[in-house]
Amino acid sequence: MAAETRSTERSLGRIGAFVRRLGPTWLAGAIAAGPATMVSLLVAGASFGYSLLWVVVLSAVLGTVGQYLAMRLGLLTEAGIVAVVEEHLGSVWAWVLVVDAVLAAGLAQLAIMKTLADVSATIVGNAGLTALADPRLWGLTWAALLALGLAGGGYRIAEIGAKVLVSLVVLAFVASLVVVPIDPAAATTGLVPELPAGGAIVAAGVLGGAVHITLLTMQSYTMRARGWTERDRDIATFDVASSLLVAFGGFSLAVFLVAASVLPATGLDPATITEIQAAEALGPIAGEHAMWVFLVGLLGAAVSTLGGNTIVPPYLVADKLGWEQSVADPRYRAALVVVALGSALGVVLEGAFVQLLVLVLAFGLVGTPFALAVILYLLNDPAVVSEPNSALENLGGIALFAVATVLAGEFVLDELTGATAGDPVSVFVVAFAAAMALAICGLAGRYVRERYW
């Protein structure tokens, strides 16, 4: 009996040690399950019912494929992705990747800060502290806290607290599935791929939550911070599958199904949905406390995501310029402070943050196909990796590239021909998409020349 007990304790100890080693992709998953994705899922359900369920499922599957490929590249090269691109493709291509990722991460940073500032002001305002209900005040406060926390290395405590809040709101959505009257037959029809009128930006936003250049590029750096090498392939693969496919996939399905079942019946206008109206999705389980549960969860998601997103531009720039990627290097620390403090500018963005969050995810998706093309290029070059992609891995990567390109293209086309065509945002989106398309064509031409000419 004693021997069995010791054996059980050893097994539990090994499992505990294994779980404690998980992390790099869970950080990416925490960013993926941020306020932008949550809002995109709510808007998708409120706007189109179950029609976009296929996009939600696809986002978890393809998000897992994307992180797996990024993980393989990081393990096989044991270097940051920008350094690998610089060594094997050249400085110009490295700069294109840096600019692509920094633009996507930077716009997301501003929109998330606006979300955090607005939600903070809403919470204190509803608590009766109207003198403190100024988003500008909260934008400056959170930017300062972010700069101090990241530059001083003390952000971890705040991040843990934020993740607890996110977990609570996710549990609330999961619990709502038990009491919300979901129509299985109607939900099943949503698995048939179709893009309803006006659904391009929402679909791009949902997919962009899981398949995003920020997540793909940060993977190699977070694994390096853990010291993972090719010998850690098993745990790295489990890390990707458990965080993106299981945890993020479960989160996405729960939020979307609850929203699709509850919000369309409320009669709200999806084009002008607010955070207070979105909170109604939790009404069946949280009752009169639904607004507070949702706002606190959204606050936690914004804090957690903002911290993770802030480190991405400094990582990439530091890798390109040869800086040490830690706060021990004053240049890297200064870059963290600049990005953190610059976040405060997000409060001046016009429009409701709900619609802005969907827009920035869709914009990020426009820049993602280039990052995927770079990863696939490098993973098929024997001079870069000792074990090039298998046929199955390439098939998954090509499918991911194709879906991301089509949905990003639908979004860009909508910006080009829709009601907002001609405004500065639409012009910028179209110009950015054209630049990324040229970059992909140039990369494809280089690959063909090197392989077949």
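Computed from a predicted structure; not experimentally measured. (Residues numbered from 1 in each chain as written. Predicted model: local features only at pLDDT ≥ 70, side-chain atom pairs only at ≥ 80, totals over all residues. Heavy atoms only, no water.)

### Details of the nonpolar core
Counting 135 residues, the largest nonpolar core has L42, V85, F256, F370 and L378 as its most contacted members. If one sorts the elements of this core by residue count, helix α18 (residues 353–379) sits on top with 21 residues. What F370 contacts, discounting residues up to four positions off in sequence, is W93, V96, L97, D100, M436, A439, I440 and L443. Residues L75, M223, I235 and A236 belong to the second largest nonpolar core, which totals seven residues. (Core = buried A, V, L, I, M, F, W, Y, C linked by side-chain atoms within 4.5 Å. Buried < 20%, exposed > 50% of the residue type's maximum accessible area, 1.4 Å probe, protein only. Helix = DSSP H or I, 4+ residues; strand = E, 2+ residues; numbered from the N terminus. Contact = heavy atoms within 4.5 Å.)

### Focus on the packing of helix α4 (residues 53–77) against α18
In the contact formed by α4 and α18, the axes pass within 10 Å of each other and the chain directions differ by 45 degrees. Considering their axes alone, α4 and α18 lie oblique with respect to each other. Judged by the twist between their axes, the crossing of α4 over α18 is left-handed. Residue-level inspection shows L69, A70, R72, L73 and L76 of α4 in contact with α18, the latter providing I375, L376, L378 and L379. Residue classes in the contact of α4 with α18 are distributed as eight nonpolar, no polar and one charged. (Axes fitted to C-alpha atoms, helices over the stretch in contact; angles between N-to-C directions. Parallel < 35°, antiparallel > 145°, perpendicular 65-115°, else oblique. Left-handed = near helix turned anticlockwise from the far one by under 90°. Nonpolar A, V, L, I, M, F, W, Y, C, P; charged D, E, K, R; others polar.)

### So, the pattern of salt bridges
On inspection of all chains with the given rule, the structure shows nine salt bridges. Where E450 meets R446, a salt bridge forms, and the shortest distance between an N and an O atom there is 3.1 Å. Of this pair, E450 and R446 both sit in helix α20 (residues 424–452), four residues apart, which is roughly one turn of the helix. Given the relative accessible area of 40%, E450 is considered partly exposed. For R446, a relative accessible area of 19% corresponds to the buried category. By sharing partners, the salt bridges in this structure join R72, E230, R233, E387 and E393 into a single network. (Salt bridge = Lys/Arg side-chain N within 4 Å of Asp/Glu carboxyl O.)

### Regarding the confidence of the model for the protein chain
For any part of a model where pLDDT is low, the fine detail of the predicted coordinates should not be relied upon. Per-residue pLDDT for the protein chain has a mean of 82; in total, 87% of the residues score no lower than 70. Element-level mean pLDDT values for the protein chain span from 50 in helix α1 (residues 2–21) up to 93 in helix α5 (residues 81–88). Confidence over residues 8–15 falls short of pLDDT 50; this stretch has zero contacts with residues more than four positions distant or in other chains. (pLDDT = per-residue confidence, 0-100.)

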